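# A structural walkthrough
Listed below, chain by chain, are the residues.
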Amino acid sequence: MNNMRMLAEEEENDDGTEVTWEDQQRINTFSKLNTRLRSIEERLEELKQEKEALDDLSTELELTDEDESVLYKIGESFLHLPQPRAMKRLEKDQAVLSAQVLDLSASAEQCEKEMKELKVTLYARFGRAINLDE
């Protein structure tokens, strides 16, 4: 049965470091931040794809005649809008999207900063006995 070991004996950390309530709270906080960061990164990717689609739409709308009516998606509906009004709406949507991307980027940076601080504290306390990397 000894050959079924995952770690070599010298790599096992059996120093008996006790996990205090405060340590457990730090570990839980790190886990929550990690989950939040993954969620933010997924949302950022979605917004970047949406921004790319709006940029493509902007290029297409610039090529249409100003007196043409275009279908513009608002929510779940498509409305016929004059080209100039559709361009204004598109610019507004792009600005809102850019603001959302900036907000989420700032949130992601804050999560990463807090996680880095927690990593330093937890690795100092537990060393190789804890794994905080993906």
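To be clear, the structure that these remarks concern was listed above.
Residues numbered from 1 in each chain as written. Predicted model: local features only at pLDDT ≥ 70, side-chain atom pairs only at ≥ 80, totals over all residues. Heavy atoms only, no water.

## Notes on the nonpolar core
In a soluble, globular protein the nonpolar side chains are often hidden away together inside. Note the threshold: Among the buried residues, those of types Ala, Val, Leu, Ile, Met, Phe, Trp, Tyr and Cys that are joined through side-chain atoms within 4.5 Å form a nonpolar core. Each residue's exposure class comes from its accessible area (1.4 Å probe, protein chains only) as a fraction of the maximum for that residue type: buried when under 20%, exposed when over 50%, partly exposed otherwise. Secondary structure is summarised from DSSP: a helix means a run of H or I of at least four residues, a strand means a run of E of at least two, and numbering begins at the N terminus for each. A contact between two residues is defined here by any heavy atoms of the two lying within 4.5 Å.
Within the largest apolar cluster, 25 residues are counted, with the highest numbers of intra-cluster contacts made by Ile40, Leu61 and Ala86. The set of elements that each furnish at least two residues to this core consists of helix H1 (21-63), strand E1 (69-74) and helix H2 (83-126). Ranked by residue count, the leading element in this core is H2, at 12 residues. The residues touching Ile40, leaving out its near neighbours within four places in the chain, are Leu104, Ser107, Ala108 and Cys111.

## Considering the packing of H1 against H2
Where we set the bar: Lines are fitted to the C-alpha atoms to define the axes, a helix being fitted only along its stretch in contact, and any angle between axes, read from their N-to-C directions, falls within 0 to 180 degrees. The cut-offs work like this: below 35 degrees is roughly parallel, past 145 is roughly antiparallel, 65 to 115 is roughly perpendicular, and the gaps in between are oblique. Note on convention: near helix rotated counterclockwise from far helix by under a right angle means a left-handed crossing. Clockwise means right-handed. Charged means Asp, Glu, Lys or Arg here, nonpolar means Ala, Val, Leu, Ile, Met, Phe, Trp, Tyr, Cys or Pro, and polar covers whatever is left, Gly included.
Contact pair H1 / H2: the axes reach a minimum separation of 7 Å and the direction vectors enclose 160 degrees. Considered as vectors, H1 and H2 are oriented roughly antiparallel to each other. Remark: the crossing between H1 and H2 carries left-handed chirality. Of the residues belonging to the contact of H1 with H2, the class tally is 22 nonpolar, 10 polar and 14 charged.

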